[in-house]
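Structure assessment
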Amino acid sequence: MNELDEKSIEKKLIINDALFNNVYIINQNFDILPDNKKHYGASIDYLDIKELRTEFLNELIDSITDWVYSSEKYLEMKKRVMSKGKSEAAANSEIISKSKNKFRKSKNPDEFLIQGQLGELLLFHFIQRFMKAIPLLRKMPITTSNRHERFGADAIHYKKEGNKDIIILGEAKTYTSEYKFNEAFNDALESILTTYYNHTEELNLYLHEDFLDSDLDKIAENYLNNLLPNPEVHLVSIVIYNEKSKINFSSKEDIQNQIHEIIEKRYRNFDKSKIDLNNNPILKRITYIIFPIWDLKNFVKEFQQKI
């Protein structure tokens, strides 16, 4: 199939309701540039005054296979594994293990090699859920392949919007260090701009390879050859950082209000002079996502231990 319409793309979107049942989402106009569009704030949600940290972590880990393999690739792999004499349950278990093994790990439990991939996994979920865009190129197999260079974008997704072909480039920054929000946010801006200006050359490296789903390969080729009638590129940047502000644990509503204020403050206090819309007009199409996590280092450590 050479063309996907909005309905067929919607059918390819993953189901991630269980994950987002544990996430508190804010979507509004924040004091940040571009200020004519809504951006996101997010955090792990609460059940009464109990943080749903373990629940969120477990759902995130359960979604790893969705990130690594498309549904078509997953079914193809399962069929191949079962042909070796395994049951369906055993085949599923093998594929899940292969998915988890694609994460960078260290023998030193205090060395975090996977925090970047953790951010990319969250980015994948946010783009699918809120931008309704499917992966054009699957980043993880490239990252773990010895034969290929690393693709510049942390995510590259695609959707149809009326008569427009929308390419979404995503960047994730995860900082476990204390008081690093502004650095992470600025880093994400610089990275996403580099990705934007280089993405066609980088995408061309993987055309007609196994990293693109078969029905998206032609779309990528037409995009690179300037044959799509009305393409648009949009940007998404997620910043996951270690928040230190104290929370008063009185009620769920009060906790959410405090988190809301913290996220608004983070947006408000960023130096807007670093967001140069005149020289980089593509930034007028960026969507930011700020995701504070309290004690982020231990969260990453738990994630690393569980996979």
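Look up: the structure comes first, before these words.
In this report, the structure presented in the accompanying data block is examined.

**Some remarks on the packing of helix α7 (residues 115-130) against helix α12 (residues 296-306)**
The N-to-C vectors of α7 and α12 enclose an angle of 90°; their axes lie 10 Å apart at closest approach. Accordingly, the angle class assigned to the pair α7 and α12 is roughly perpendicular. Mapping the contact onto sequence places Q115, L118 and L121 in α7 and F299, V300 and F303 in α12.

**Quick notes on unusual backbone geometry**
Here the amide bond leading from L33 into P34 is cis, since omega sits at 0°, within 30 degrees of zero. Turning to its location among the elements, P34 is positioned in the loop between β1 (23-28) and β2 (39-44). Even without being a glycine, D48 presents a positive backbone phi close to 60°. Inspection of the secondary structure assignment puts D48 in the loop between β3 (46-47) and β4 (50-51).

**Some thoughts on the layout of surface pockets**
Empty space among the atoms becomes apparent when a probe as large as a water molecule is rolled across them. There is about 470 Å³ of room inside the largest pocket. What lines the largest pocket is a set of 21 residues, and nearest its centre among them are I14, D66, Y69, S70 and S71. If you list the elements that add at least two residues to the lining of the largest pocket, you get α1 (6-12), α3 (53-62), α4 (64-68), α5 (71-82), α6 (88-100) and β5 (134-137). Of the residues contributing to the lining of the largest pocket, the split by class is ten nonpolar, three polar and eight charged.

**Regarding α12**
Every buried residue of α12 is accounted for by L296, F299, V300, F303 and Q304. The buried residues of α12 all sit within an arc of 135° when viewed along its axis, so they share a single face.

**Notes on the packing of aromatic side chains**
Per the counting criterion, the structure on display carries 16 aromatic pairs. Here F20 and F130 contribute two aromatic rings whose centre-to-centre distance is 5.5 Å and whose plane-to-plane angle is 90°, an arrangement assigned as edge-to-face. Here F20 is found in helix α2 (residues 17-20), whereas its partner F130 is found in helix α7, with 110 residues between them in sequence. Between F181 and F185, the ring centres sit 5.7 Å apart and the planes meet at 40°, which makes this aromatic pair tilted. One end of the pair, F181, and the other, F185, are both in helix α9 (residues 181-204), four residues apart, so they sit about a helical turn from each other. Here F181 and F185 have matching classes, each one buried. Ring-pair connections join several aromatic residues into one group, and the members of that group are F20, Y40, F56, F126, F130, F291 and F299.

Scoring rules and cut-offs
- Within each chain, residue numbers correspond to sequence positions counted from 1 in written order.
- For a predicted model such as this one, the threshold for reporting local features is a pLDDT of at least 70, and the threshold for listing and counting side-chain atom pairs is 80 or more; totals across whole chains, interfaces and linings nevertheless cover every residue.
- Hydrogens are left out, water is left out, and the side-chain values use all remaining heavy atoms of the structure.
- Only the contacting stretch of a helix is used when fitting its axis, a line to C-alpha atoms as for every element, and angles between N-to-C directions run 0 to 180 degrees.
- Under the scheme used here, helices are H or I runs from DSSP no shorter than 4 residues and strands are E runs no shorter than 2 residues, and both carry numbers assigned from the N terminus.
- Here the angle decides the label: under 35 degrees means roughly parallel, over 145 means roughly antiparallel, 65 to 115 means roughly perpendicular, and every other value means oblique.
- In this description, contact between two residues means that some pair of their heavy atoms is separated by no more than 4.5 Å.
- Two kinds of site are reported from a 1 Å grid over the protein atoms alone, namely cavities, where a 1.4 Å probe fits but cannot get out, and pockets, open sets with protein on both sides within 12 Å along at least five of seven lines, and residues are called lining when an atom falls within 4 Å of a point.
- Grid points are joined across faces, edges and corners, and a volume is the space filled by probe spheres set on the points.
- Lys, Arg, Asp and Glu make up the charged group, whereas Ala, Val, Leu, Ile, Met, Phe, Trp, Tyr, Cys and Pro make up the nonpolar group; the residues left over, Gly among them, are polar.
- Accessibility here uses a 1.4 Å probe with only protein chains present; expressed as a share of the type maximum, an area under 20% marks a residue as buried, one over 50% as exposed, and anything in between as partly exposed.
- Summarising the geometry, the arc corresponds to the directions from the helix axis toward the C-beta atoms.
- Two rings belonging to Phe, Tyr or Trp (six-membered ring only in the last case) form a pair when the distance between their centres is within 6.5 Å. Interplanar angles under 30 degrees mark stacking, angles over 60 mark edge-to-face geometry, and anything in between is tilted.

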